[in-house]
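Chain by chain, the residues:
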Amino acid sequence: MTLLRRIAGLFLILGVMATLSACAGIKPGNAKAMQPLKSEALSKLASMGSGPGKGMMIRIFKQSSELEVWKETASGYKLFKTYEICAWSGVLGPKIKEGDRQSPEGYYTITPGLMNPNSNYYLAFNTGFPNKFDRAHGRTGSDLMVHGDCSSRGCYSMTDESIAEIYALARETFKGGNPSFQLQIYPFRMTPQNLAKQSQSEHMAFWQNIKSGYDRFELTKSPPTWDVCNKQYVFDVPAGTGVLEAASACPAGIGTATMTAALQAKQAADQAAMEAEVAALEKKAAAEKAAAEKEAAAYAEAKARGEAIGSFVGGLFGGKDADVKKTIDPTKTAPVPATRPTNS
């Protein structure tokens, strides 16, 4: 019985492994994970004043299917390379629940424990979804990865060549003494123009919240520190503040009060530009609607005029067939054609 129980337990474990998310498959061997960075990558890092062991940061933009790797230098983070994302799932907007096949958005901290050298999808690292913000909103999901194999069911999929280089960059960053790196995931580049195009989206408040971190990086070229309180991302939390309660009110001095003058100026300018862009888009839409209505009215008028002219002309030349009276005289016999003479 003991042997049978062990066998049954083994099958149970295998069954659980088989039902894990499609993005988190495991197979033996990790030689791919130890591939060294190519000489071209090392040369580029050196030329930009960085190195394999320096800090790194990743930004993902859904709409343009781009993944950026930034590396630390003495003068702030610089863009190392932009990779094309093969596939991501769902639509613009955050992941809400397990099984919605939606790729996440937000801020995530990638640690060595989230790296998966044995992925069935070549190589992978877990995004860490759900994070503190996601959990505060009751969002669910598991094993949301950035991986190879160029296919996605809730993950961000790269070519094998791309994920191999990204994985190696992350591995060397950890070897350099960095305990983690930041992953920022956005629906699109957070410009006033892009936000204006989505002004009616139900996710606008969320996007404006994560834009605050985006703006900080654009100004400082340094990954912003983040935490969660009042169910919102907050940035540049002062050291010594302690652990924030995600669902509780933010302590005094946390949130917008920490913004610098430059950041306030940028956000005010962006807000004004977005409002102007929204007004321009609304004006354009109204003009297009008016033009379409005018064209439809002109067509209807021309059609009615044509029908009126047809009726008038028909009346001049005998009217319609319905007006013709047909009579038959029963006293008259239809004529019989004469016999055609033949030649003799």
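Residues numbered from 1 in each chain as written. Predicted model: local features only at pLDDT ≥ 70, side-chain atom pairs only at ≥ 80, totals over all residues. Heavy atoms only, no water.

With respect to the overall build of the protein
Alright, step 1. If you tally the helices and strands in the protein, you get seven helices and twelve strands.
Alright, step 2. Relative to its full complement of 344 residues, the protein shows a buried share of 38%.
Alright, step 3. Partitioning the intrachain contacts of the protein with sequence separation of at least 6 by distance along the chain shows that 60% fall at a separation of at least 24.
Alright, step 4. Surface exposure of the protein reaches about 19700 Å², of which carbon and sulfur atoms provide 58%. (Helix = DSSP H or I, 4+ residues; strand = E, 2+ residues; numbered from the N terminus. Buried < 20%, exposed > 50% of the residue type's maximum accessible area, 1.4 Å probe, protein only. Contact = heavy atoms within 4.5 Å. Areas by Shrake-Rupley, 256 points an atom, 1.4 Å probe, with all protein chains shown as cover.)

A look at the layout of surface pockets
Alright, step 1. A volume near 300 Å³ is recorded for the second largest pocket.
Alright, step 2. What lines the second largest pocket is a set of 15 residues, among which K38, K81, E161, A164 and E165 lie closest to the centre.
Alright, step 3. Mapped by element, the contributors of at least two residues to the lining of the second largest pocket are α2 (39–47), β3 (76–84) and α4 (160–175).
Alright, step 4. Tallying contributions element by element places α4 first for the lining of the second largest pocket, with five residues.
Alright, step 5. Grouping the constituent residues of the lining of the second largest pocket by class yields seven nonpolar, two polar and six charged. (1 Å grid on protein atoms, 1.4 Å probe; cavity = no way out; pocket = protein on both sides within 12 Å on 5 of 7 lines; lining within 4 Å. Points joined across faces, edges and corners; volume = space filled by probe spheres on them. Nonpolar A, V, L, I, M, F, W, Y, C, P; charged D, E, K, R; others polar.)

Considering the state of the cysteines
Alright, step 1. Tallying each qualifying case throughout the model produces two disulfides.
Alright, step 2. Here C86 pairs with C150 through a disulfide, and the sulfurs are 2.0 Å apart. On the sign convention where negative is left-handed, the bridge of C86 and C150, at about -75 degrees about the S-S bond, is left-handed. Note that C86 is positioned in the loop between β3 and β4 (87–88) and C150 in the loop between β8 (145–147) and β9 (156–157), a separation of 64 residues in sequence.
Alright, step 3. Here C229 pairs with C250 through a disulfide, and the sulfurs are 2.0 Å apart. Handedness of the C229-C250 disulfide follows from its S-S torsion of about 100 degrees: it is right-handed. Here the residue C229 occupies a position in strand β11 (residues 226–229), and C250 occupies one in the loop between β12 (232–235) and α7 (261–316), the gap between them amounting to 21 residues. (Disulfide = S-S within 2.5 Å.)

Description of the sheet that holds strand β7 (residues 124–126)
Alright, step 1. The sheet built from five strands is open, its strands ordered β4-β9-β8-β7-β6 with mixed pairing. The sheet is open, and its two edges are formed by β4 and β6 (115–116), each paired on a single side. (Pairing = 2+ DSSP bridges.)

Regarding α4
Alright, step 1. In a regular helix each residue adds 1.5 Å, so 16 residues correspond to 22 Å; α4 covers 22 Å between its end C-alpha atoms and thus fits that length.
Alright, step 2. Among the 16 residues in α4, 13 count as buried, and that is most of the element.
Alright, step 3. One or two residues past the end of α4 sits G177, with phi positive at roughly 100 degrees. (Expected span 1.5 Å × (residues − 1).)

Here we look at the pattern of salt bridges
Alright, step 1. Counted under the stated rule, the structure contains 17 salt bridges.
Alright, step 2. For the salt bridge of K81 with E165, the shortest nitrogen-to-oxygen distance reads 3.1 Å. In this pair, K81 sits in strand β3 while E165 sits in helix α4, placing the two residues 84 residues apart along the sequence.
Alright, step 3. Given a relative accessible area of 15%, E165 falls into the buried group.
Alright, step 4. Ionic pairing is found between D270 and K211, a salt bridge with its closest N-O pair at 2.9 Å. Separated by 59 residues along the polypeptide, D270 in helix α7 and K211 in helix α6 (residues 204–220) bring together distant segments of the chain. With respect to burial, D270 and K211 carry one shared label: buried. (Salt bridge = Lys/Arg side-chain N within 4 Å of Asp/Glu carboxyl O.)

With respect to the sheet that holds strand β10 (residues 181–186)
Two pairing modes exist for strands in a sheet, parallel and antiparallel, and in both the strands are linked by backbone hydrogen bonds.
Alright, step 1. Across the sheet, which stays open at both edges, the five strands sit in the order β3-β2-β1-β10-β5 with mixed pairing between neighbours. The sheet is open, and its two edges are formed by β3 and β5 (106–110), each paired on a single side. On average, each strand axis in the sheet is inclined to that of its neighbour by 20 degrees, with strand direction left out of account.
Alright, step 2. Note: β5 against β10, five bridges, orientation antiparallel. Across the sheet, Y107 pairs through a bridge with Q184, a residue of β10.
Alright, step 3. The sheet contacts of α4 involve β1 (56–61), β2 (66–73), β3, β5 and β10, and relative to β3 the element is tilted by about 155 degrees. (Axes fitted to C-alpha atoms, helices over the stretch in contact; angles between N-to-C directions.)

Quick look at the nonpolar core
Alright, step 1. Within the largest apolar cluster, 34 residues are counted, with the highest numbers of intra-cluster contacts made by I58, I60, L67 and V69.
Alright, step 2. Contributing elements (two or more residues each) for this core: α2, β1, β2, β3, β5, α4 and β10.
Alright, step 3. Ignoring anything within four residues of it in the chain, the contact list for V69 reads M56, M57, I58, K78, L79, F80, K81, Y83, I166 and L169.
Alright, step 4. Within the second largest apolar cluster, 22 residues are counted, among which are F188, M190, Y233 and F235. (Core = buried A, V, L, I, M, F, W, Y, C linked by side-chain atoms within 4.5 Å.)

Structural notes on the pairing of β11
Alright, step 1. A two-sided burial pattern is seen for β11, the buried positions comprising W226 and V228 on one face and D227 and C229 on the other.
Alright, step 2. Looking at chain direction, β11 and β12 are connected through four bridges and run antiparallel. Across the sheet, residue V228 finds its bridge partner in β12, namely Y233.
Alright, step 3. Here β11 folds back onto β12, and the loop between the two strands holds two residues, one of which, N230, carries a positive phi near 55 degrees.

Considering the packing of aromatic side chains
Alright, step 1. The full count for this structure, using the stated rule, is 15 aromatic pairs.
Alright, step 2. Relative to F217, the ring of W70 has its centre 4.9 Å away and its plane inclined at 90 degrees; by these criteria the two rings are edge-to-face. Highlighted residues: W70 in strand β2 and F217 in helix α6, separated in sequence by 147 residues.
Alright, step 3. Taking the relative accessible area as the measure of exposure, F217 reaches 0% and is therefore buried.
Alright, step 4. Plain terms: the ring middles of W226 and Y233 are 5.5 Å apart, the flat faces sit at 75 degrees to each other, and that makes the pair edge-to-face.
Alright, step 5. Taking relative accessible area as the criterion, W226 reaches 19% and is therefore assigned buried.
Alright, step 6. Ring-pair connections join several aromatic residues into one group, and the members of that group are F61, Y107, F133, Y186, F206, Y214, W226, Y233 and F235.
Alright, step 7. The ring of F80 has K44 lying over it, and the distance from NZ or CZ to the ring centre is 5.3 Å.
Alright, step 8. Geometry around F217 places K221 over its ring, the cationic atom sitting 5.7 Å from the centre. (Phe/Tyr/Trp six-rings, centres within 6.5 Å; stacked < 30°, edge-to-face > 60°. Lys NZ or Arg CZ within 6 Å of the ring centre and 35° of its normal.)

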